[in-house]
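Tertiary structure, described
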Amino acid sequence: MTHHAAPRAPLSWPRLVGVVPRQADCFQHRDAVDALERAVAAGGTAVLCQVLSGTGGVGKTQLAAHHARTAWQAGAVDLLVWVTATSRDAVLSAYSEAAVTVTDPDDPQCAGLDDPERAAVRFLAWAQSTDRRWLIVLDDVSDPAHLNSTDGRGDLWPPARPNGRTVVTTRRRDAALPGHLIDVGLFTKSEAVGYLRAKLAVRRRHEDPGQVEELARDLGHLPLALAQAVTYLLDLQLDCATYRVRLADRARTLPDLVPEDSGLPDAHRATVAATWSLSIEHADRLRPTGLARPMLHLVALLDPNGIPATVLTSPPALAYLTEHRTPDGGTDPDVSPRAVGVDDAADALRCLHRLSLADHTPNTPHQEVRVHNLVQRATREALRPAARDMAARTCADALYEAWPEVERDTALGQALRANTAALTAHAADALWRPDGHPVLFHTGNSLGHTGLVTAARAYFQDLHTAARQNLGPDHPDTLTARHYLAYWRGEAGDAAGATTAAAELLADRLRVLGPDHPDTLAARHNLAYWRGGGEAGDVAGSATAFAELLADRLRVLGPDHPDTLTTRADLTFWRGRVGDAAGAATATAELLADRLRVLGPDHPDTLTTRHNLAYWRGEAGDAAGAATAFAELLADFLRVLGPDHPATLLARHNLAHWRGEAGDAAGAATAFAELLADSLRVLGPDHPATLTTRYYLAHWRGQADGASGGVR
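This brings us to the overall build of the protein chain. Of regular secondary structure, the protein chain possesses 30 helices and eight strands. Its C-alpha atoms give the protein chain a radius of gyration of 34 Å, clearly above 27 Å, the size a compact globule of 712 residues would have. For the C-alpha atoms alone, the extent of the protein chain along its principal axes is close to 135 × 65 × 55 Å. Sorting the 712 residues of the protein chain into buried and exposed places 49% on the buried side. Long-range contacts, defined as pairs at least 24 residues apart, comprise 70% of the intrachain contacts of the protein chain with a sequence gap of at least 6. Separation of charge centres in the protein chain, based on 70 positive and 87 negative side chains, amounts to 4 Å.

If you want it as structure tokens, here you go:
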């Protein structure tokens, strides 16, 4: 009997290989969806490969799945291949299945398709030659090298064909990735709030809109975090306000605030905290190997909205990276690794950027590095307390090192203060062991020297409370916090309160440190200064106190010590206030010679001495000479300190004043009007200097008009 083989069914089209993830609940239509649609619908100008790149959790897979599902349902493709491309083996497996799918069973070339490498070659050759319309999605490409032709292995990137399209999702941002890069960012505020409201509405939950918005903000508008958080709070019957309290509780870690693995929504494969672990491992393997992880430890403690690169490439940061470099299995343990350099640190930041763990944009001054707050939190929570404290002290050292002696760039000062505030919020205790870190005090003085005197006073009030709690009332750093609190209290307008606080501090410093300690002498200086300040100040008493202090500073510190020179400057000033303007001018000229010799011409104290000399010259009767001197001085203030420094604004004030005293009332009024605009912008309307400028503007306008009218 003759047996006939049963006829084989012809290939049917369209065909689907792999499993396209189901659409997430309450899917949000985003700009990236439109960008992807425009890119693949551009006719002959279309780029045939689209790369959706972004950090873990921004929804790249969902966007690719939406695009693939839409094309499939519209009949726009004959073959859709969905590949979970986390490894080369995974890609080969998917291509092998696709090869079988597109190969006619009667084709003699179908033999050998059980070999993944040969099957992949067969499938890609088909994709290169077919007229069928195909779409290949390579989801979650963890390393572009998995698809490259290396070590004799074939290239697994789909071919560029007019009838074919490739969509790649990846956390990588390597320049070698093929095609058109579409940066997938966070939800917008409206998208995040819309998603939360939709998810809550499904369960008939309608929450306070303000709390919903705040929850979206707390989670940084990260889609993955929003999905897992809302699932968690629905499962536990929590409202948004209660969840936010738990989220803010540092005793709870991120894994405590999302569902267990079995309850993750939308087929998520990992929790928020685990999402970035693989990215960190990959980043750490990029050259320079082993530096991405310790760099992320530092980044995780600073301001997510912008970190100056100079902080992360400073000597303290480089030393930390050298010491904490992730061990390389191929490194000889007996050979010490070379010290990490500035270029290595910059390259480590690029590694974090390439894996979308941080944004590194070198052309963004003072905010070159940005990172999502949840990436930071997950990184901090993975550190042991001792390791976190060590990283925190390194960050503090790095911030202090990066702070310029003269804050000419106000934007840099603001960025450094913001980073110090973030560091303090994340690891305050570490900055008080064993003593208060200098950056804590420098930050407050930066506020004051920038002109934010009220903010400086409030800052040192809080710092004194923290110092007292951490170190006790008599610790030198606690007394230092009191010292600066008294000083900025006076600068903010409360000279009487500053005098009282300085007197109380002096008593405690005498008791704790003794009469000749430099801090005790500084307390005497502060007390003498504020004793003569204010409307009812004791000018003569202040001059006497400075004379006594000068004798002790000469004995203890010597004639050329900067503090001794400062005491001479204040003694001269208060003697001039007593009524001896000519003597003050002579003494200031002598001081200027010494400050030029000891500090140099561009030191701020030298410029201040020139300022005082010009002032006393005017007070002694030479208004025109004072105006000329202030004009010359202003040029140097602008060059050394910049246009917005309070000392520069004060020099402009005095130039305008002595210009008026020299007979140019109209010019003085114009200069004060221009100064007022800048004072309002830099210092604010309530700063004492701004109020003084308003007064003199009214005065010189009145003089120019031949009347004594008020501010117009």
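To continue, consider the confidence of the model for the protein chain. Residues at a pLDDT of 70 or more form 94% of the protein chain, whose mean pLDDT is 91. This model gives residues 1–8 a pLDDT under 50, and the stretch forms two contacts once residues within four places in sequence are excluded. Note that pLDDT drops below 50 for residues 707–712; the model gives that stretch nine contacts with residues more than four away or on any other chain.

Moving on, we come to the side chain of Ser-96. Looking at the element boundaries, Ser-96 is found in helix α3 (residues 88–102). Given a relative accessible area of 12%, Ser-96 falls into the buried group. At 2.8 Å, the side chain of Ser-96 forms a polar contact with the backbone oxygen of Leu-92.

Here the focus is helix α8 (residues 240–248). Every buried residue of α8 is accounted for by Cys-240, Tyr-243 and Leu-247. In an axial view of α8, the angular spread of the buried residues amounts to 60°, which keeps them on one side of the axis. Opposite the packed face of α8, turned more than 90 degrees from it, sit the exposed residues Val-245 and Ala-248. Packed against the buried residues of α8 are α5 (189–202), α6 (209–218), α7 (223–235) and α15 (373–381).

Turning our eyes to something else, we now look at the sheet that holds strand β6 (residues 180–183). Spatially, the six strands line up as an open sheet ordered β1-β3-β4-β5-β2-β6, and their pairing is parallel. The sheet terminates laterally at β1 (15–17) and β6, the two strands that pair on one side only. With direction set aside, neighbouring strand axes in the sheet form an average angle of 15°. Across five bridges, the pairing between strand β2 (residues 49–53) and strand β5 (residues 164–170) is parallel. Looking across to β5, one finds that Val-51 is bridged to Val-168.

Our focus in this paragraph is the pairing of β2. The element β2 is extensively covered by neighbouring structure, given that five of its five residues are classed as buried. Residues Cys-49, Val-51 and Ser-53 point to one face of β2 and Gln-50 and Leu-52 to the other, with burial holding for every one of them. Strand direction decides the pairing type here: β2 and β6, joined by four bridges, are parallel. Each residue of the ladder has a partner; that of Leu-52, found in β6, is Ile-182.

Judged by nonpolar contacts, the single largest core of 108 residues is most densely connected at Met-295, Val-299, Leu-312 and Leu-423. Other than its neighbours up to four places away in sequence, Met-295 contacts Leu-312, Leu-321, Ala-345, Ala-348, Leu-349 and Leu-352. Core analysis: the next-biggest nonpolar cluster, separate from the first, contains 30 residues, Val-91, Ala-98, Trp-126 and Trp-157 among them.

Below, the discussion takes up the packing of helix α24 (residues 562–578) against helix α25 (residues 581–599). Packed helices, taken two at a time, are described by the angle between their axes plus the distance between the axes. The contact between α24 and α25 brings their axes to 8 Å, and the two run at 165°. Judged by the inter-axis angle, α24 sits roughly antiparallel to α25. Crossing handedness for the pair α24 and α25: left-handed. Counting all contacts with α24, which are made through Leu-565, Thr-566, Arg-568, Ala-569, Thr-572 and Gly-576, the residues of α25 involved are Ala-581, Ala-584, Ala-587, Thr-588, Glu-590, Leu-591, Asp-594, Arg-595 and Val-598.

Turning to the environment of Ser-446, a few remarks are in order. Looking at where Ser-446 falls in the secondary structure, it is placed in helix α18 (residues 438–449). Remark: the alpha-carbon pair of Ser-446 and Ser-96, spanning 350 residues in sequence, is separated by 64 Å. The residues contacting Ser-446, other than those within four sequence positions of it, are Trp-403, Glu-407 and Arg-417. A polar side-chain atom of Ser-446 sits 2.9 Å from a polar atom in the side chain of Arg-417.

Moving on: the pattern of salt bridges. By the definition in use, this model includes 40 salt bridges. One connected set of salt bridges, linked through shared partners, spans Asp-143, Arg-172, Asp-174 and Arg-354.

Tracing the backbone through its elements, the reader meets Asp-344 in helix α14 (residues 342–354). At 2.9 Å, the side chain of Asp-344 and the side chain of Arg-338 are in polar contact. There is a polar contact of 2.9 Å between the side chain of Asp-344 and the backbone nitrogen of Gly-341. Excluding anything up to four places from it in sequence, Asp-344 contacts Pro-288, Leu-291, Arg-338 and Ala-339.

Let us now look at the pairing of strand β3 (residues 79–84). Counting buried positions along β3 gives five out of six residues, so the element sits mostly inside the fold. Note: β1 against β3, three bridges, orientation parallel. Following the sheet pairing, Leu-16 is matched in β3 by Leu-80. Note: β3 against strand β4 (residues 134–141), six bridges, orientation parallel.

The periodicity of an α-helix, 3.6 residues per turn, causes residues three or four places apart in sequence to face the same way. Between its first and last C-alpha, helix α27 (residues 623–640) extends 25 Å over 18 residues, near the 26 Å set by a 1.5 Å rise per residue. Taken together, the buried positions of α27 are occupied by Ala-623, Gly-625, Ala-626, Ala-627, Ala-629, Phe-630, Leu-633, Leu-634, Asp-636, Phe-637 and Val-640. Next to the buried residues of α27 lie α26 (604–619) and α28 (646–661). Downstream of α27 by a residue or two, Gly-642 has a phi angle that is positive, lying close to 95°.

On to the environment of Pro-562. You can see Pro-562 is positioned in helix α24. Considered as a pair, Pro-562 and Leu-599 are 37 residues apart in the sequence and their alpha carbons are 8.3 Å apart.

Per the stated rule, a full pass over the model turns up 17 aromatic pairs. Aromatic pair Tyr-615 and Trp-658: ring centres 6.4 Å apart, planes at 70°, arrangement edge-to-face. Of the two residues, Tyr-615 is situated in helix α26 and Trp-658 in helix α28; the sequence distance between them amounts to 43 residues.

This part covers the packing of helix α17 (residues 410–427) against α18. With their axes 10 Å apart at the nearest point, α17 and α18 run at an angle of 140° to one another. The pairing of α17 with α18 is recorded here as oblique in orientation. Here α17 runs over α18; the crossing is left-handed. Packed against α17, whose contacting residues are Arg-417, Thr-420 and Thr-424, the element α18 presents Val-439, Leu-440, Thr-443, Ser-446 and Leu-447 at the interface. Looking at the contact of α17 with α18 residue by residue, the classes come out as three nonpolar, four polar and one charged.

Along the chain, Gly-154 falls in the loop between β4 and β5. If we ignore the near neighbours within four places in the chain, the residues touching Gly-154 are Arg-88, Glu-117, Leu-147, Asn-148 and Ser-149.

What counts and what doesn't
- Residues numbered from 1 in each chain as written.
- Predicted model: local features only at pLDDT ≥ 70, side-chain atom pairs only at ≥ 80, totals over all residues.
- Heavy atoms only, no water.
- Helix = DSSP H or I, 4+ residues; strand = E, 2+ residues; numbered from the N terminus.
- Rg over C-alpha atoms; globule rule 2.2 N^0.38 Å.
- Buried < 20%, exposed > 50% of the residue type's maximum accessible area, 1.4 Å probe, protein only.
- Contact = heavy atoms within 4.5 Å.
- Lys, Arg positive; Asp, Glu negative; His and termini not counted.
- Charge placed at Lys NZ, Arg CZ, Asp CG, Glu CD.
- pLDDT = per-residue confidence, 0-100.
- Polar contact = N/O pair within 3.5 Å; in protein donor to acceptor, adjacent residues only side chain to side chain.
- Arc of directions from axis to C-beta.
- Pairing = 2+ DSSP bridges.
- Axes fitted to C-alpha atoms, helices over the stretch in contact; angles between N-to-C directions.
- Core = buried A, V, L, I, M, F, W, Y, C linked by side-chain atoms within 4.5 Å.
- Parallel < 35°, antiparallel > 145°, perpendicular 65-115°, else oblique.
- Left-handed = near helix turned anticlockwise from the far one by under 90°.
- Salt bridge = Lys/Arg side-chain N within 4 Å of Asp/Glu carboxyl O.
- Expected span 1.5 Å × (residues − 1).
- Phe/Tyr/Trp six-rings, centres within 6.5 Å; stacked < 30°, edge-to-face > 60°.
- Nonpolar A, V, L, I, M, F, W, Y, C, P; charged D, E, K, R; others polar.

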